[in-house]
Amino acid sequence: EGSLDIDHLNLECEFNNVDHRTELNGVDRLIVRRGQPFTISVYLRSGSYQPGVSSLDCVAETGPQPSEQYGTKASFALSANIDTSCWSASVTGPPGDMVVLSICSSPNAPIGRYTLTLGRSVRTEFILLFNPWCPGDAVYMDNEQSLAEYILAQDGIIFRGSYKHPIPTAWNFGQFEHGILDICLRILDMNPKCLRNPGKDYSGRRNAVYVSRVLSAMVNCNDDKGVLLGRWTTDYEGGVSPLYWRGSVEILRNWDQQACQPVRYGQCWVFAAVACTVSRALGIPCRIVTNYLSAHDTNNNLVIERYVNEEGELMKSKEMIWNYHCWVESWMTRPDLKPDFNGWQASDPTPQEKSEDVYCCGPIPVKAIKEGELTFKYDASFVFAEVNADVLTYMKKKDGSTSNVTSATLVGQKISTKSVGSDAREDITHIYKYPEGSDEEREAFKRADHQNKLLHQKEDLGLLLSIKVTSDMKKGCDFDVFAVVTNNTEHEKHCRLVFGSCAMSYSGVLGGNCGFKDLLNVRLSPGAERRVPLTLNYSKYGGQLTEDSLIRLAALLLDYSTGEAKLAVRNIVLDDPQIKVRILGEPKENRKLAAEITLQNPLPEPLEDCCFSIEGSNLTGGRVITERLGCTVGPGEEAKVKIYFTPTHSGLRKLVVDFDSNKLCHVKGYRNVIIGK
């Protein structure tokens, strides 16, 4: 019989991994992508390969219960040529005692760990990933620059701050750092669907929609052995503040090393960043998006109801407007939906509401949000509300009665992501929403049955109230903010103006008072404008600020003649000092460099327990490097350290920096470094 008698194999890991763009994971084992051939050298014990005569049975299997019916087992023989649409094998080298064997997986094979059996006795292993370079794969993306960003880039920018003042924060995704791919596969194996029915779950891993949905559940630990525990109060006992993290690597390793106990703590950008790392590691193009003024609608009516007291202070409620909220988008086709809904799919790993009894959200085509197609899978109405909810404001009076308050409130502004190939902010609001007031917007609202937005009355422009701020609002300084009242009516107006400020977390939770003014006697003649300043003093706000550095300004105007109330709200973010990073030495592979890092203390009080830390993919050996300062840093003085690191790969990398102290917490900075060969 003509079956090849194999002595041993060489998997040619370096050649194949480079060819499949997985070499940054290492070249000590075979890691390949679906629908693309890889080549192995087969050394024969006896005989030689004879075209048309020699045969070889190949079997590829994944999961604990491989089955051809489930697609987790494929049996195939040698053929004359590779067929890239299914599992196939072909001999491509000249006949002899060493045979060059090409093998191609199906472009919709389940991803994960495989055993490959050749003939009766030779077994080997490899890992199979999604392949966005392969036109037959559901995650195919036909743009090299986009792939360099959304699959291969190991660092990126997350936008935080506020909608008037987006602040870029660097993040180290680290999807190719040592051991991270194995941890990502472990996350899939720990998901409850896999623990209940592994055969079915492994079969589901051929489907990027299924894998994305599993990830949106597994990045939070609310129903499962997921990666992160969320916390939105200021008490981070038993863990670290979400602002502590500079990247995903430490989080994933902690989860893996502590027997899949959740890592404490995360907030939305941390959940999104970890989901982005895992998606890119598995081969799904992925990016983080930030939605400013993001609505959290708990009862699915697309309306946020909020209450203020007679001082204009927000009262606690389950429905909130987050200053910003981050989620991820993954790129894939949606064969389960009608055509036109391929492309970016939003999914949200932050635990907010249950979907099919589990804390997960998505994936939903971004286009379905734009078109108001709320019956589409998955969780369209929740994401639609995040960017489109209407906000109704009521005043709760001391006697228990409530009245309407007019307030122009924006939701879903400046939806942002990092640009391809640069650190600039790309505004992607237009892929979620039609222009405000357009016919298309109206059609989408009709489809979504968004009655409130369809019935919108024109604003009463008679008495205008707004809040103005200066551009220079630095932490540690005293500065003024202004309530501006304009009387556009023909009559004199007599009003009460309450103008207050309080600390706030990014998820809308209010803290202590930072300054307050109540003017009972504001008189405006027709056409007049009045600017009322409120001074915010560091001595007052410094002790109230949360780590999010946000202050909520609220002005409430009561018109004595009509009894009507108007509310203006603005969130301001106080700027942290800039971290300066200088690189000393010639940046080359495997050469020791120093980062000289400085920060000037902007506060009128000394900083103690100062600590700088850095990390960067292929820069710091997969670790966080920390340097503590022995001394206190007085007002206006510089904190300065030198931290040494040795880059391992060439290319453009981000060195992500964090500064922490007793009074100034988790100030972020970064430096782009080009490492030469």
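Computed from a predicted structure; not experimentally measured.

### Some details on the UniProt feature "binding site: Ca(2+)" (unreviewed entry) in the protein chain
Mapped onto this numbering, the UniProt entry annotates "binding site: Ca(2+)" (unreviewed entry) at Asn-388, Asp-390, Glu-436 and Glu-441. The largest pairwise C-alpha distance within this set of annotated residues, which runs over 54 residues, is 14.0 Å, so the set is compact in three dimensions. Tracing the sequence through the fold places Asp-390 in strand E19 (residues 390-396). Take Glu-436: it is sitting in the loop between helix H11 (429-432) and helix H12 (439-447).

### Describing the sheet that holds strand E33 (residues 625-628)
Here we have four strands laid out as an open sheet, ordered E33-E32-E35-E36, and antiparallel in their pairing. Both outer strands of the open sheet, E33 and strand E36 (667-675), are each paired with one neighbouring strand and no more. Each adjacent strand pair in this sheet contributes to an overall mean axis angle of 20°, direction not counted. Here five bridges tie strand E32 (residues 611-615) to strand E35 (residues 651-660), and the two strands are oriented antiparallel to one another. Note that in E35 the partner of Ser-613 across the bridge is Asp-658.

### Focus: the layout of surface pockets
Summary: where empty space remains is shown by rolling a probe the size of a single water molecule over the atoms. Of the voids in this model, the second largest pocket is the one considered here, and its volume is about 860 Å³. For the second largest pocket, the lining is made up of 39 residues, of which Ile-167, Asp-576, Pro-577, Val-667 and Lys-668 are closest to its centre. At the level of secondary structure, the elements contributing two or more residues to the lining of the second largest pocket comprise strand E10 (155-162), strand E11 (165-172), strand E16 (320-332), strand E30 (579-584), strand E31 (593-600) and E36. Sorting elements by how many residues they give to the lining of the second largest pocket places E11 first, with six residues. Grouping the constituent residues of the lining of the second largest pocket by class yields 17 nonpolar, 12 polar and 10 charged.

### Considerations on the UniProt feature "domain: Transglutaminase-like" (unreviewed entry) in the protein chain
On the UniProt side, "domain: Transglutaminase-like" (unreviewed entry) is annotated at positions that read residues 260-351 here. A helix fraction of 16% and a strand fraction of 42% characterise residues 260-351, whose end C-alpha atoms lie 18 Å from each other.

### A closer look at the pairing of strand E6 (residues 88-91)
On E6, burial covers both faces: Ser-88 and Ser-90 on one face and Ala-89 and Val-91 on the other are all buried. In terms of strand pairing, E6 meets strand E7 (residues 98-104) through four bridges, oriented antiparallel. Bridging from a neighbouring strand, Ala-89 pairs with Ile-103 of E7. Linkage of E6 to E7, two consecutive antiparallel strands, is achieved through a turn of six residues, within which Gly-96 is found at a positive phi near 160°.

### Some words on the packing of helix H3 (residues 180-189) against helix H8 (residues 268-282)
A pair of packed helices is characterised by two quantities: the angle between their axes and the separation of those axes. Axis separation between H3 and H8 bottoms out at 10 Å; the angle between their running directions is 105°. Considering their axes alone, H3 and H8 lie roughly perpendicular with respect to each other. Of the residues in H8, those in contact with Ile-180, Leu-181, Cys-184, Leu-185, Ile-187 and Leu-188 of H3 are Thr-277, Val-278, Ala-281 and Leu-282. Of the residues that constitute the contact of H3 with H8, the class distribution is nine nonpolar, one polar and no charged.

### Examining the side chain of Glu-441
On the secondary structure map, Glu-441 appears in helix H12. Aside from chain neighbours lying at most four places away, what touches Glu-441 is Tyr-434, Pro-435 and Glu-436.

Rules behind the numbers
- Residues numbered from 1 in each chain as written.
- Predicted model: local features only at pLDDT ≥ 70, side-chain atom pairs only at ≥ 80, totals over all residues.
- Heavy atoms only, no water.
- UniProt positions renumbered as here; feature names shortened; annotations may be inferred.
- Helix = DSSP H or I, 4+ residues; strand = E, 2+ residues; numbered from the N terminus.
- Pairing = 2+ DSSP bridges.
- Axes fitted to C-alpha atoms, helices over the stretch in contact; angles between N-to-C directions.
- 1 Å grid on protein atoms, 1.4 Å probe; cavity = no way out; pocket = protein on both sides within 12 Å on 5 of 7 lines; lining within 4 Å.
- Points joined across faces, edges and corners; volume = space filled by probe spheres on them.
- Nonpolar A, V, L, I, M, F, W, Y, C, P; charged D, E, K, R; others polar.
- Buried < 20%, exposed > 50% of the residue type's maximum accessible area, 1.4 Å probe, protein only.
- Parallel < 35°, antiparallel > 145°, perpendicular 65-115°, else oblique.
- Contact = heavy atoms within 4.5 Å.

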